[in-house]
Amino acid sequence: MLTSVARSSEQFVSTDANSNQVGIALKQIVHLEDMCVDFPIYSTSDGSFRKQIMQRISRVQDNSDRIIIRALNNISLKIFQGERVGLLGSNGAGKSTLLKVLSLIYSPTHGRALVAGRISSLLNISLGIDPELSGRENLLIRGTMMQLSKDEIEDVLPEVIAFADLEEFIDLPMRTYSDGMRMRLLFSMATAVSADVLLMDEWLSAGDQNFRAKATERMQSLVEKSGVLVLASHSPGLLKKSCTRGIWLDQGSIKMDGPIEDVCAAYQRAK
């Protein structure tokens, strides 16, 4: 299934697997219904030992004799304007996959996934960076990947460069930057524009101690301005501090959905 999203000030419209249009009011920002994401691995037509092992650990095997990993299984949830949602779960539980569905990187294999408004994804702020290009040129690339218009990119560039404190270096190739300089610049761009839906895999920070203080303040401001926050973390303390609702994922399914304190407590008891 391919999901298309129309960003509107009043509603969003998407298509389900049967190509029926569905309209959802503004207050409902995210709507997932019986949503699955499958990853086909390889054919099992041979008699290899690897095939036997994969058949034991895989979640699905389809009629074409392929091994399929079901990363998300029948996920149904609604997230409304103003909610701060924390995702809990062990490695491989499906947290990152769910964030990638919400950020439109992955499309559901089955079911429906609808997201309204501008999406800001802080999952991989280095994606698309070319070390041979200048810092300024890479900011233009990142802005385009953030779905900003040319005018919006031009508007934010001076503030981004100043926040990263890289005015003297911005037109040099990024291969000449230290790791700290590069992360300061990418962080500054990634957090320059508020969004209707803010997606994070762990709390984002960068740079030395002085810059981290600025970065923390900027992140808190970005979260406050966002319509919806979805934050995945292994830190219950961070989630309880930043979120009001918790979703516990286990083997690709929702095991618990409720107040963040209750979900964190149940998750920690089960560990």
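Reading the values: the criteria
Residues numbered from 1 in each chain as written. Predicted model: local features only at pLDDT ≥ 70, side-chain atom pairs only at ≥ 80, totals over all residues. Heavy atoms only, no water. Helix = DSSP H or I, 4+ residues; strand = E, 2+ residues; numbered from the N terminus. Buried < 20%, exposed > 50% of the residue type's maximum accessible area, 1.4 Å probe, protein only. Areas by Shrake-Rupley, 256 points an atom, 1.4 Å probe, with all protein chains shown as cover. Salt bridge = Lys/Arg side-chain N within 4 Å of Asp/Glu carboxyl O. Polar contact = N/O pair within 3.5 Å; in protein donor to acceptor, adjacent residues only side chain to side chain. Axes fitted to C-alpha atoms, helices over the stretch in contact; angles between N-to-C directions. Parallel < 35°, antiparallel > 145°, perpendicular 65-115°, else oblique. Left-handed = near helix turned anticlockwise from the far one by under 90°. Contact = heavy atoms within 4.5 Å. Nonpolar A, V, L, I, M, F, W, Y, C, P; charged D, E, K, R; others polar. Core = buried A, V, L, I, M, F, W, Y, C linked by side-chain atoms within 4.5 Å. Phe/Tyr/Trp six-rings, centres within 6.5 Å; stacked < 30°, edge-to-face > 60°.

K.L.:
Which parts of the structure should I look at to understand the overall build of the chain?
P.N.:
Assigned secondary structure in the chain consists of 8 helices and 12 strands. Expressed as a percentage of its 271 residues, the buried residues of the chain come to 45%. Carbon and sulfur atoms make up 48% of the accessible area of the chain, which totals about 13,500 Å².

K.L.:
For this particular structure, what's the right way to read the pattern of salt bridges?
P.N.:
Opposite charge on two side chains permits pairing when their charged atoms draw close. On inspection of all chains with the given rule, the structure shows 9 salt bridges. Of the charged contacts, one joins Glu 132 and Arg 175 as a salt bridge, the two residues approaching to 3.0 Å between their closest N and O atoms. Of this pair, Glu 132 sits in the loop between strand E8 (119-121) and helix H3 (135-145) while Arg 175 sits in the loop between helix H4 (150-164) and helix H5 (179-190), and the two are 43 residues apart along the sequence. Taken as a pair, Glu 132 and Arg 175 share a single burial class, namely exposed. Of the charged contacts in the structure, one is a salt bridge between Arg 245 and Asp 257, with a shortest N-O distance of 2.7 Å. Here Asp 257 lies in strand E12 (residues 253-259) and Arg 245 lies in strand E11 (residues 245-250), a separation of 12 residues in the sequence. Here Arg 245 falls in the buried class, since its relative accessible area comes to 11%. Three or more residues joined by partner-sharing salt bridges are found here, namely Glu 83, Arg 245 and Asp 257.

K.L.:
Sorry, what's going on with the environment of Ser 178 here?
P.N.:
Locating Ser 178 in the fold gives a position in the loop between H4 and H5. Overall, the relative accessible area of 37% leaves Ser 178 in the partly exposed class. In this structure the side chain of Ser 178 is engaged in a polar contact, spanning 3.2 Å, whose partner is the backbone nitrogen of Met 181.

K.L.:
Help me out: how do you make sense of helix H2 (residues 95-102) in this one?
P.N.:
Buried residues dominate H2, accounting for 6 of its 8 residues. Within H2 the residues assigned to the buried category are Lys 95, Thr 97, Leu 98, Leu 99, Val 101 and Leu 102. One or two residues past the end of H2 sits Leu 104, with phi positive at roughly 70°.

K.L.:
Would you mind going over the packing of H3 against H4 with me for this structure?
P.N.:
Where H3 contacts H4, the axes come no closer than 11 Å and their chain directions differ by 130°. Taken as axis vectors, H3 and H4 run oblique relative to one another. At the point where H3 passes H4, the crossing takes the right-handed sense. Listed contacts from H4 to Arg 136, Leu 139, Leu 140, Gly 143 and Thr 144 of H3 are Ile 153, Glu 154, Leu 157, Val 160 and Ile 161. When the residues that make up the contact of H3 with H4 are grouped by side-chain class, the tally is 6 nonpolar, 2 polar and 2 charged.

K.L.:
Before we go on, may I ask you to explain the nonpolar core in this structure?
P.N.:
Generally speaking, soluble globular proteins have nonpolar side chains that are buried together. Grouped together as the largest cluster of nonpolar side chains are 27 residues, with contacts concentrated most on Leu 88, Leu 122, Phe 187, Leu 198, Met 200, Leu 231 and Leu 239. Every element with two or more residues in this core is listed here: H5, strand E9 (197-201), helix H6 (209-225), strand E10 (228-232), helix H7 (236-242) and helix H8 (260-270). When sequence neighbours within four positions are dropped, the list of residues in contact with Leu 239 reads Gly 86, Leu 87, Leu 88, Leu 231, Ser 233, Ile 260 and Cys 264.

K.L.:
I tried to follow the packing of aromatic side chains on my own but got confused; where do I start?
P.N.:
Each aromatic ring pair is summarised here by two numbers: the centre-to-centre distance and the angle between the ring planes. Within the structure shown, the criterion is met by 4 aromatic pairs. Measuring from centroid to centroid gives 5.5 Å for Phe 163 and Phe 211, while their planes differ by 70°, and the two rings are edge-to-face. Of the two residues, Phe 163 is situated in helix H4 and Phe 211 in helix H6; the sequence distance between them amounts to 48 residues. Overall, Phe 211 belongs to the buried group, its relative accessible area being 5%.

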